Amino acid sequence: MRILVVEDEETLAQRIANILEGENYSVETAFRGDDGLEMALTEEYDLLLLDILLPGRTGIEILEEIRKEGLSTPVLMLTAQDRVEDKVKGLDAGADDYLTKPFAPPELLARIRSLLRRQSEATTASIEIGDISIHTGKKEVSVKGEVLSLTAKEFAILEFMAYNKNRVLSRISISEHVWGDNFDLFSMTNFLDVHIKNLRKKVLTAGGENPIKTVRGVGYMLEG
Ligand code: CA
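Visitor: Go over the sheet that holds strand β6 (residues 126-129) with me, naming the residues and quoting the values.
Guide: The sheet built from 4 strands is open, its strands ordered β6-β7-β8-β9 with antiparallel pairing. Edge positions in the sheet fall to β6 and β9 (146-147), since each of these pairs with one other strand and no more. Where strand β8 (residues 140-143) meets β9, 2 bridges bridge the pair, whose relative direction is antiparallel. Within the sheet, the bridge partner assigned to valine 143 lies in β9 and is glutamate 146. Packed onto the sheet, helix α6 (residues 152-163) meets β6, β7 (132-135) and β8 and runs at close to 105° relative to β7.

Here it is in structure tokens:
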């Protein structure tokens, strides 16, 4: 497994490299954003670890560029404690997870393992819920073979619920997964209700059965 670390604090970059090499990952480091971007676009990596504030290009810009190029390499963003807006921007730009600095080595390793596992499942997996197929790799949902036109948020909601099917999920936990924490809870959960309504409509229009059950006073459950 090959990991690219883009971090301009060289001692931190070195420390991360040591932690990862201790677990037998092969690690390359870049101290500038533009160098990191070039490496990410020309070499093959299994995972990218991106700091946000970097000389050359920011971590967010690197992420946007590689996603634009169609790379689905998992990205773990490193964010400073006091920059919540970065975390949000990172997730919106397509980061898979984020880690707040300073972090403990076991936390870093756990996040990386989980992203790598998710990636290996994602390239092949599709989740079947009744007559709905959720292709996690292609980020596509079809009902009886017909591909639905879903927004990114609708897909994220449905995928998260599918990974947790037959479990009651609170509106807050779904919202936090989709929008990150530190959002205004009231508007988040209201957005969620609107998205769920649209999702149901799209499934029904395609001739499927509504799989999302409202659990009064708690949240939602995907039955499958
Ligand atoms: Ca930095």
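Visitor: Lay out the side chain of glutamate 159 with the relevant residues and their values.
Guide: Considering the arrangement of structural elements, one finds glutamate 159 in helix α6. In this structure glutamate 159 is buried but unpaired, with lysine 139 as the nearest side chain of opposite charge at 4.5 Å. Beyond its immediate chain neighbours, meaning those up to four positions away, glutamate 159 contacts Thr136 and Lys139.

Visitor: I'd love a proper account of the packing of α6 against helix α8 (residues 185-205), names of residues and values included.
Guide: As a packed pair, α6 and α8 sit with axes 10 Å apart at the nearest point and diverge in direction by 85°. If you check the angle between α6 and α8, you find them roughly perpendicular. Within the contact between the two elements, α6 uses Lys153, Glu154, Ile157, Leu158 and Met161 and α8 uses Leu192, His195, Ile196, Asn198, Leu199 and Lys202. Taken together, the residues of the contact of α6 with α8 sort by class into 6 nonpolar, 2 polar and 3 charged.

Procedures and definitions
- Residues numbered from 1 in each chain as written.
- Predicted model: local features only at pLDDT ≥ 70, side-chain atom pairs only at ≥ 80, totals over all residues.
- Heavy atoms only, no water.
- Pairing = 2+ DSSP bridges.
- Helix = DSSP H or I, 4+ residues; strand = E, 2+ residues; numbered from the N terminus.
- Contact = heavy atoms within 4.5 Å.
- Axes fitted to C-alpha atoms, helices over the stretch in contact; angles between N-to-C directions.
- Buried < 20%, exposed > 50% of the residue type's maximum accessible area, 1.4 Å probe, protein only.
- Lys, Arg positive; Asp, Glu negative; His and termini not counted.
- Salt bridge = Lys/Arg side-chain N within 4 Å of Asp/Glu carboxyl O.
- Parallel < 35°, antiparallel > 145°, perpendicular 65-115°, else oblique.
- Nonpolar A, V, L, I, M, F, W, Y, C, P; charged D, E, K, R; others polar.

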